[in-house]
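# Remarks on the overall topology
Here are the chains, one letter per residue:
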Amino acid sequence: MTNVQALPTLAPEGAGHFSYPVPAPARDHRHLLGLEGMPRETLLELLEDGQCYRDQMDRGGIASHALDGVTVCNAFFENSTRTRLSFELAERRMGATVVSFSATDSSTAKGETLLDTMKVIEAMGVDMVVVRHASSGAAAYLANHLQGSVINAGDGTHEHPTQGLLDLLTLRQVWSGRFEGRKLAIVGDIMHSRVARSAIHGLVTLGVQVALAGPATLMPAGIESLGARIAPTADDAIAGADAVMALRLQKERMEQGLLASAGEYTKHWGIDARRARLLRPHGVIMHPGPVNRGVELMPDVADSKRSVILEQVTNGVAMRCAALERCAAESRNVA
Amino acid sequence: MSARARIHGARHWKTGELVDVVIVAGVIEAVAPAGVLPERPEEARFDAEGAVLAPGLVDLHVHLREPGQGTKETIATGTRAAAAGGFTDVACMPNTSPVLDEPARIEWVLNRAREAGHCRVHPIGAVTLGQLGEQLAPLLALRDAGAAAFSDDGHPIASAEMMRRALEYARPTGCPIVCHEEDPTLRGRGHMNEGAVSARLGIRGIPAAAETIMVRRDVELAELTGGRVHLAHLSTAGSFESLRDAHRRGLAVSGETCPHYWMLTDEAVEGYDTAAKMNPPLRSEADRQATIAAIVDGTIDCLATDHAPHTAEEKAQPFDQAPFGIVGLETALALTITGLVRPGHVTLERAIELWTDAPRRVFGLPRVAVEVGSPADLVLFDPDAEWTVEPERFHSKGRNTPFAGRTLAGRVLATWLAGATTHVDPERERRLLAGKRSPVGAK
C-alpha cells in the first residue's frame, strides 16, 4: 500500500458533501403537505381563519362560497371514516363539487400505479386532491407530479397536517391564544404516528415545550431532532403540563413484538385519573381518535371535563375549511 | 483496428512523465518518453494532450441485470456504460432472473459479454440455489464455467451455519464469497438509514447495526473456516472497525466501499428522493467521515460502484415502494477525484490504485500495468476537467443517480480494451473527426 497518508483526516467542512435544498412542493402554498417548516405567521393566520369558521359553526353553520366552482377529490388509499367525513363536510359547506373514493390497495393490485390513478382522476377535471396513503411522502410525490393542489390527509407515518392544525386550534381556544411557554405531553406510539409528527412541528414552531413518552420500541431514534424532549416516563412527561395528547395504540403492535401486552401498556402509558391529576389545574386531555377505551385512555378520563376530544372533532371541520380555502386561493393566484 | 497504434503525449499515472505508448496486437510494445520513438506511417495515433493514462479501471460490484431484467439494463448497455466510465473489467452480480446458479448461465453471460466487446466481464455465481440461502449452489462447477467469485448479493445469507458451509466448500476454488452484510431481521422492512432523518420523514429505518452485526459474524466465520470473505459495499463506522480488526488478525477478509458512501449522507433522502435509495442505505455524517478515514488508512481494500440500474417507472414511485439501488459506472472516477482526491484525502495515484491493482488483487485477476508486455487495457482521463452529470446522456439504461445536475471533476477521455477503443469522449471524438488523425483502433 503506497501513498497512504499516515493519519485519517476529516473532510473540510462541506468538502465533497452536497447539501440539499428544501424540495419545491413544500414551499408551494397551493399544497398542504405538512406542518414541518410552516412559518409561524402562516400557522397563526390559518388558526385565525379556522377560528372564524368555528365561530360560524357555533352560530348555526358555515355558509361560504370559497370553493364555488372547485372540484375536490378525496382519494383515500387507506381506510378512514372520520377524516374523510370531516373533509367532505368542509368541502360541501364551502360550495365545492366533491367526489370521493376509498381504495385500500385494490387499484394498485390491478397493476395501476398511484400516479396513474391520480392522473386519470385529474384528467376528469379535478382541481384539488385530498389524499391519504400508506406511503410516507405520497402526498409530496403527488404534488410533484400533478397540476392541481394536493392536501395531505395522512401519508404513512409522516404527517397529518390538518389533524395537527385542528389540535392547534383546540389548544388556541383552551389557552386563549397564548402558546409560548406552554407544556404539552404526547404519550404513546410516536413511531407510527403521523399525528404526533405534525403536532410536534406545529407546537414547536409556536413555542410550546413538547415532551414525548412511550415504550422505547415505539420511540423512533432521532425524534428529538424535531425539537421535542423524550421523557423517561409518562408521569414525567405529564407532570406540570398544560395538555396531554394520548395516541391510539394499534393492536398489531403486540403481534409485531413491539409490546408485551395491552395490559402492560395501560399500566405504564395509559392515561388514567391519577395521571390526569398530574396536569396543571386547567390541563386538558386530547386524543386524535378513535379511542381504545381502557387501553391508552380510561373511560372516566375520556369523558371527564378535562377532555376536549369532541372539541377536536368539531374544530376539524372548521380547520379543514380554512386549509382548503387557503390552498384554493393560492391556486387562483398561481393560475 | 490497426495492428499498431500509439497514444502520444500521455501522463503516466505513476511516474507522472509524458510518454508515448505503442500498442501492437493489443499488447503494450513500448513505453517511452514522448516523441523519442520514431513514428511509423502505418501507426494510428491518438493525441493524449497530457491527460493521465492508467490501467483500465476494475469494478467488482456491478448489476448487469441479464438474464431476465433487460428493461433495467443489458449486458451490452451495462458494459458500454462501464467503458464510458473508464472500466475495462467488471464483475457482475448473480441476482438476475433466473439467478446465476448454474454453469450454463455463467457461460451465457460470458458469451453475451464477448459479443458486446466493451469490457471483460467476470460473472459472480450464486452461493445458494436461487439465492434462497437454503442449499449450496454448485460452486466448483460455477468456478469451472468462469465464475470469479460467489455471492448472494441482495439476499444476505441469514443462517450462520449456511455461511460457514459455503466458506468451507468454496475454499478449494480460491474465490472469495462476496457478502452483502445486512441482518435481514434487523433490517426488517426498512427503507433508509435509521436516524433523525428517517424519524422526521416517517420512513422505517435500517439501523447501522444491521450491517455491522453481519460483518462481525462473517469475520469470525472467516477465522473459523479459513475461507475468503470479501465484504461488499461497506457503509458503517462499525463495519470499518471490524474490517480493521480482521486485517490485524491476518484473516482472509477484504472489503470495499462505494462513492455514494463518502459523498452523501441520509440527508440526501430529503424530499423522498428515490434516487438516494440504495442498500445499504446512505448513513450518518459520522459514518461518511468513517468511510473516508477507512479509505485513507488503508482499511478499505478496494472501491466498487454497486451499479444498480432500475427503470424510471420503478423509481418514480412513493419512496417505500421504489426499489433500492443507483447507477454508478459513469460517475465513479469523477466522484473519486471530486470527493477523495481534491479534498486531499488520497493522492490521485492511490485513488487509481483502489480502482485497478487493488480490486485485481481481491479477485485474483491478472495484473495490468502501463508497461511493456501488459495487455493494452487502458483509460485516459483529465483529472481537472469539470463536467455536469446529465443522466439522459448515460450509456446505461439506468438514469437513477443522486448526482444528477452536480458538477464533478475528472473526465474519462478514452478507454481501450486490448488496444481496441471502447470509448472516446464525445466532445473529443468530434474534434478528432474534424482533425486529420483517426483515434487508435477506430472501427
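Attention shifts here to the overall build of chain A. In terms of helices and strands, chain A carries 13 helices and nine strands. The burial tally for chain A puts 48% of its 335 residues in the buried class. Within chain A, contacts between residues at least 6 apart in sequence are counted, and of these 75% link residues at least 24 apart.

All right, on to the overall build of chain B then. A count of helices and strands for chain B gives 15 helices and 18 strands. For chain B, the C-alpha radius of gyration of 21 Å lies close to 22 Å, the compact-globule estimate for 443 residues. In terms of overall dimensions, chain B has a C-alpha envelope of 65 × 45 × 40 Å along the principal axes. Burial status across chain B gives 60% buried among its 443 residues. Partitioning the intrachain contacts of chain B with sequence separation of at least 6 by distance along the chain shows that 74% fall at a separation of at least 24.

This part covers the domain arrangement of chain A. All names here are of chain A. Once the domains are mapped, chain A shows domain 1 (24–159 + 314–334) and domain 2 (162–312). Just the C-alpha atoms count here: the centres of domain 1 and domain 2 sit 25 Å apart. Across the contact, 26 residues belong to domain 1 and 21 residues belong to domain 2. A class-by-class count of the residues in the side of domain 1 that touches domain 2 yields nine nonpolar, ten polar and seven charged.

Here we take up the sheet that holds strand S1 (residues 71–76) of chain A. Residues and elements named next belong to chain A. Read from one edge to the other, the open sheet built from four strands follows the order S2-S1-S3-S4, with strand pairing classed as parallel. The open sheet is flanked by strand S2 (97–102) and strand S4 (149–155), the only strands paired with a single partner. Geometrically, the sheet is characterised by an average inter-axis angle of 15 degrees between neighbouring strands, direction not taken into account. The pairing of strand S3 (residues 128–133) with S4 spans five bridges and is parallel. Paired with Val 129 across the strands is Val 150, a residue of S4.

Residue and element names in this part refer to chain A. Relative orientation of the contacting elements helix H1 (residues 40–58) and helix H13 (residues 309–334) amounts to 125 degrees, with a least axis distance of 8 Å. Between H1 and H13, the crossing angle belongs to the class labelled oblique. Classified by chirality, the crossing of H13 by H1 is right-handed. On H13, the residues that touch Leu 46, Asp 49, Gly 50, Tyr 53, Arg 54 and Met 57 of H1 are Thr 314, Asn 315, Val 317, Ala 318, Met 319, Cys 321, Ala 322, Ala 323, Glu 325 and Arg 326. When its residues are assigned to classes, the contact of H1 with H13 shows nine nonpolar, three polar and four charged.

This paragraph deals with the confidence of the model for chain B. Averaged over all residues, the pLDDT of chain B equals 95, while 98% of them reach at least 70. ipTM for the predicted complex: 0.88, alongside a pTM of 0.91.

Okay, the nonpolar core next. Counting residues in each nonpolar core, the largest one holds 233 residues, and the members touching the most others are Ile 186, Val 187 and Val 244 of chain A together with Leu 53, Phe 150 and Leu 380 of chain B. With nine residues, H13 of chain A is the single largest residue contributor to this core.

We now examine the pairing of strand S1 (residues 4–12) of chain B. Residues and elements named next belong to chain B. In terms of strand pairing, S1 meets strand S2 (residues 18–24) through six bridges, oriented antiparallel. Note that in S2 the partner of Ala 5 across the bridge is Ile 23. Across four bridges, S1 lies against strand S4 (residues 44–47) in parallel orientation. If you follow Arg 6 over to S4, its bridge partner there is Arg 45. As judged from the two bridges shared by S1 and strand S5 (residues 52–55), these two strands associate in the parallel manner. Directly across from Arg 11, in S5, lies its bridge partner Val 52.

With that settled, the discussion passes to the environment of Leu 167 of chain B. Residue and element names in this part refer to chain B. Note that Leu 167 resides in helix H4 (residues 160–170). When the 24 C-beta atoms within 10 Å are taken as the criterion, Leu 167 is described as buried. Leu 167 sits 55 residues away from Ala 222 along the chain, and the two C-alpha atoms are 7.4 Å apart. Excluding anything up to four places from it in sequence, Leu 167 contacts Ile 177, Leu 221, Ala 222, Thr 225, Gly 227 and Val 229.

A few words now on helix H6 (residues 161–174) of chain A. Residue and element names in this part refer to chain A. Under the 1.5 Å per step criterion, the end-to-end length of H6 is 20 Å for 14 residues, consistent within 8% with the ideal 20 Å. Counting buried positions along H6 yields twelve of 14 residues, so the element is predominantly enclosed. By the burial criterion, the buried members of H6 are Pro 161, Thr 162, Gln 163, Gly 164, Leu 165, Leu 166, Asp 167, Leu 168, Leu 169, Thr 170, Leu 171 and Arg 172. After H6 finishes, the residue Ser 176 shows a positive phi value of roughly 50 degrees.

Do not read the fine detail of predicted coordinates wherever pLDDT is low. Per-residue confidence for chain A gives a mean pLDDT of 90, with 89% of residues at or over 70. Across residues 1–16 of chain A, where pLDDT falls below 50, the model places 27 contacts with residues more than four positions away in sequence or in other chains.

Now for the environment of Lys 183 of chain A. Residues and elements named next belong to chain A. Here Lys 183 shows up in strand S5 (residues 183–187). Judged by the 21 C-beta atoms lying within 10 Å of it, Lys 183 falls in the buried class. Dropping the residues within four chain positions of it, Lys 183 is found in contact with Gln 209, Ala 211, Gly 240, Ala 241 and Asp 242.

Residues and elements named next belong to chain A. Strand order in the open sheet made by the five strands is S7-S6-S5-S8-S9, with parallel pairing throughout. For this open sheet the edge positions go to strand S7 (229–230) and strand S9 (284–286), each flanked by a neighbour on one side alone. With three bridges connecting them, strand S8 (residues 243–246) and S9 associate as parallel partners. Bridged to Met 245 within S9 is Met 286.

Right, let's get into the pairing of strand S6 (residues 57–62) of chain B. Taking burial as the measure, the six residues of S6 of chain B include six buried ones, the bulk of the element. Between the parallel pair S6 of chain B and strand S7 (residues 87–92) of chain B, the chain is carried across by helix H1 (residues 75–84) of chain B, and the sense of this crossover is right-handed.

Before going further, it helps to spend a moment on helix H2 (residues 103–116) of chain B. Residue and element names in this part refer to chain B. With 14 residues, H2 extends 20 Å between its outermost C-alpha atoms, agreeing within 8% with the 20 Å of an ideal straight helix rising 1.5 Å per residue. Regarding H2, the residues found buried are Arg 105, Ile 106, Val 109 and Ala 113. Along the axis of H2, the buried residues cluster in a sector spanning 105 degrees; they form a single face. Across from the buried face of H2, at angles greater than 90 degrees, the exposed residues are Ala 104, Asn 111, Arg 114 and Glu 115. Where H2 is buried, its residues touch H1, S7, strand S8 (120–125) and helix H3 (139–145). One or two steps after H2, the chain reaches Gly 117, where phi turns positive at roughly 75 degrees.

Looking now at the domain arrangement of chain B. One frequently used descriptor of interface size is the decrease in accessible area upon assembly of the parts. Residue and element names in this part refer to chain B. In terms of domains, chain B is made up of domain 1 (4–53 + 373–434) and domain 2 (56–363). In this structure, domain 1 and domain 2 have C-alpha centres spaced 27 Å apart. Facing the 27 residues of domain 1 at the interface are 40 residues of domain 2. Going through the elements one at a time, strand S16 (378–388), strand S17 (407–417) and strand S18 (420–424) are the ones with two or more residues in the side of domain 1 that touches domain 2. A total of seven residues in the side of domain 1 that touches domain 2 trace back to one element, the largest contributor, which is S17. Counted by class, the side of domain 1 that touches domain 2 contains 13 nonpolar, nine polar and five charged residues.

Glancing now at unusual backbone geometry. Residues and elements named next belong to chain B. In this model, Glu 66 is joined to Pro 67 through a cis peptide bond whose omega is 5 degrees. Mapping Pro 67 onto the fold places it in the loop between S6 and H1. With omega at 0 degrees, the peptide bond leading from Asn 279 into Pro 280 counts as cis. Here Pro 280 lies in the loop between helix H9 (259–263) and helix H10 (285–296). Non-glycine residue Ala 25 carries a positive phi angle of around 50 degrees. Take Ala 25: it is sitting in the loop between S2 and strand S3 (27–33). C-beta crowding within 10 Å serves as the criterion here: with 12 such atoms nearby, Ala 25 is assigned to the exposed category. Positive phi, close to 60 degrees, is recorded for Tyr 272, a residue that is not glycine. Considering the arrangement of structural elements, one finds Tyr 272 in the loop between H9 and H10.

Rules and cut-offs
Residues numbered from 1 in each chain as written. Chains lettered and ligands numbered in written order. Predicted model: local features only at pLDDT ≥ 70, side-chain atom pairs only at ≥ 80, totals over all residues. Helix = DSSP H or I, 4+ residues; strand = E, 2+ residues; numbered from the N terminus. Buried ≥ 20, exposed ≤ 12 C-beta atoms within 10 Å, placed from the backbone. Contact = placed C-beta atoms within 7 Å. Rg over C-alpha atoms; globule rule 2.2 N^0.38 Å. Domains from an automatic or database assignment. Nonpolar A, V, L, I, M, F, W, Y, C, P; charged D, E, K, R; others polar. Pairing = 2+ DSSP bridges. Axes fitted to C-alpha atoms, helices over the stretch in contact; angles between N-to-C directions. Parallel < 35°, antiparallel > 145°, perpendicular 65-115°, else oblique. Left-handed = near helix turned anticlockwise from the far one by under 90°. pLDDT = per-residue confidence, 0-100. Core = buried A, V, L, I, M, F, W, Y, C linked by C-beta atoms within 7 Å. Expected span 1.5 Å × (residues − 1). Right-handed = clockwise from strand over helix to strand, strands pointing away. Arc of directions from axis to C-beta.

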